Amino acid sequence: MAKKTIHCTINGSKKEYTVDIRESLSDMLRGSAGLDSIKHGCDVGECGACTVLIDGQPFNSCIYLAIWAQGKTILTLEGLSDKKGTISDIQQAFIDEGAVQCGFCTPGFIMASIPIITKEEVASRDEIRKQVAGNLCRCTGYDKIINAIEKTQHKRLEEKKSK
Ligand code: FES
Ligand code: FES
């Protein structure tokens, strides 16, 4: 099997991995990088459980080849906590709003929501729904997830205003 060495940045650290050229980014992140927030739900790009940010944009890492990550900057859920391991506001909002039940879909939803919670203007609930339309949850009924994302976006905008 052909292998290739790639260099990329994951959660702020420069990394080098030698991967099978057919390996998915989700396998590389869970395997070589040991990041198990990335979930294998469907493995065909339909559930969003494997969502990570690549150069700031959400992607389904199960249908993204690891070799395409050469030179890219990748952010996973693990990269949202601070150095002491304190979870981020969006993770806390998911807990506070009861948006987590089995939790399998949660990392993917949180990563897919980053473009919304870092937006400079308020996003409507419809815009939030559209942003996470590629993510499936079997437990929560979605409203609580949308509440958590909306709450975090409002909180961040308020914080920016008060600075
Ligand atoms: S596991 Fe990647 S989209 Fe479902
Ligand atoms: S919390 Fe169980 S699948 Fe979403």
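Keep in mind it's a predicted model, so treat the numbers as computed, not measured.

Parameters at a glance
Residues numbered from 1 in each chain as written. Chains lettered and ligands numbered in written order. Predicted model: local features only at pLDDT ≥ 70, side-chain atom pairs only at ≥ 80, totals over all residues. Helix = DSSP H or I, 4+ residues; strand = E, 2+ residues; numbered from the N terminus. Rg over C-alpha atoms; globule rule 2.2 N^0.38 Å. Buried ≥ 20, exposed ≤ 12 C-beta atoms within 10 Å, placed from the backbone. Contact = placed C-beta atoms within 7 Å. Domains from an automatic or database assignment. Nonpolar A, V, L, I, M, F, W, Y, C, P; charged D, E, K, R; others polar. Axes fitted to C-alpha atoms, helices over the stretch in contact; angles between N-to-C directions. Parallel < 35°, antiparallel > 145°, perpendicular 65-115°, else oblique. Left-handed = near helix turned anticlockwise from the far one by under 90°. Pairing = 2+ DSSP bridges.

### Considering the overall build of the protein chain
Within the protein chain, the regular secondary structure consists of five helices and five strands. What you see for the protein chain is a C-alpha radius of gyration of 16 Å, in line with the 15 Å of a compact globule of 163 residues. Taken along its principal axes, the extent of the C-alpha atoms in the protein chain is 50 × 35 × 25 Å. Here the protein chain holds 163 residues, and 37% of them are scored as buried. Pairs at least 24 residues apart make up 57% of the contacts formed inside the protein chain by residues separated by at least 6 positions.

### Looking at the domain arrangement of the protein chain
Domain boundaries assigned for the protein chain yield domain 1 (3-80) and domain 2 (89-161). Inter-centroid distance (C-alpha atoms) of domain 1 to domain 2 is 22 Å. On the domain 2 side, the residues contacting the 14 residues of domain 1 number 13 residues. By residue number, the principal contributor to the side of domain 1 that touches domain 2 is strand β3 (residues 51-54), which donates three residues. Taken together, the residues of the side of domain 1 that touches domain 2 break down into nine nonpolar, four polar and one charged.

### As for the packing of helix α2 (residues 89-96) against helix α5 (residues 143-161)
It is the contact of α2 with α5, at a shortest axis distance of 8 Å, that shows an interaxial angle of 135°. The angle between α2 and α5 places the two elements in the oblique class. Relative to α5, α2 is oriented so that their crossing is right-handed. From α2, D89, I90, A93 and F94 reach across to α5, where they touch A148, K151, T152 and K155. A breakdown of the residues in the contact of α2 with α5 according to their chemical character gives four nonpolar, one polar and three charged.

### Side note on the sheet that holds strand β5 (residues 73-75)
Spatially, the five strands line up as an open sheet ordered β2-β1-β5-β3-β4, and their pairing is mixed. In this open sheet, the two edge strands, each paired with only one partner strand, are β2 (13-20) and β4 (57-60). Averaged over all pairs of adjacent strands, the angle between their axes in this sheet comes to 40°, without regard to strand direction. Where β3 meets β5, two bridges bridge the pair, whose relative direction is antiparallel. Directly across from I54, in β5, lies its bridge partner I74. Contacting β3 and β4, helix α3 (residues 106-117) runs over the sheet at an angle of about 35° to β3.

### What about the environment of E127?
Among the structural elements, E127 can be located in helix α4 (residues 125-131). On the neighbour-count criterion, E127 (14 C-beta atoms within 10 Å) is partly exposed. Sequence separation between E127 and F109 is 18 residues, and the spatial gap between their C-alpha atoms is 14 Å.

### What about the pairing of strand β1 (residues 3-10)?
Pairing between β1 and β2: eight bridges, direction antiparallel. For I6, the partnering residue across the bridge sits in β2 and is Y17. Where β1 folds back on β2, the antiparallel hairpin that results is connected by two residues, among which N11 adopts a positive phi of roughly 50°. Bridge analysis of β1 against β5 gives two bridges, and the strand direction is parallel. Pairing of I10 across the sheet is with I74, part of β5.

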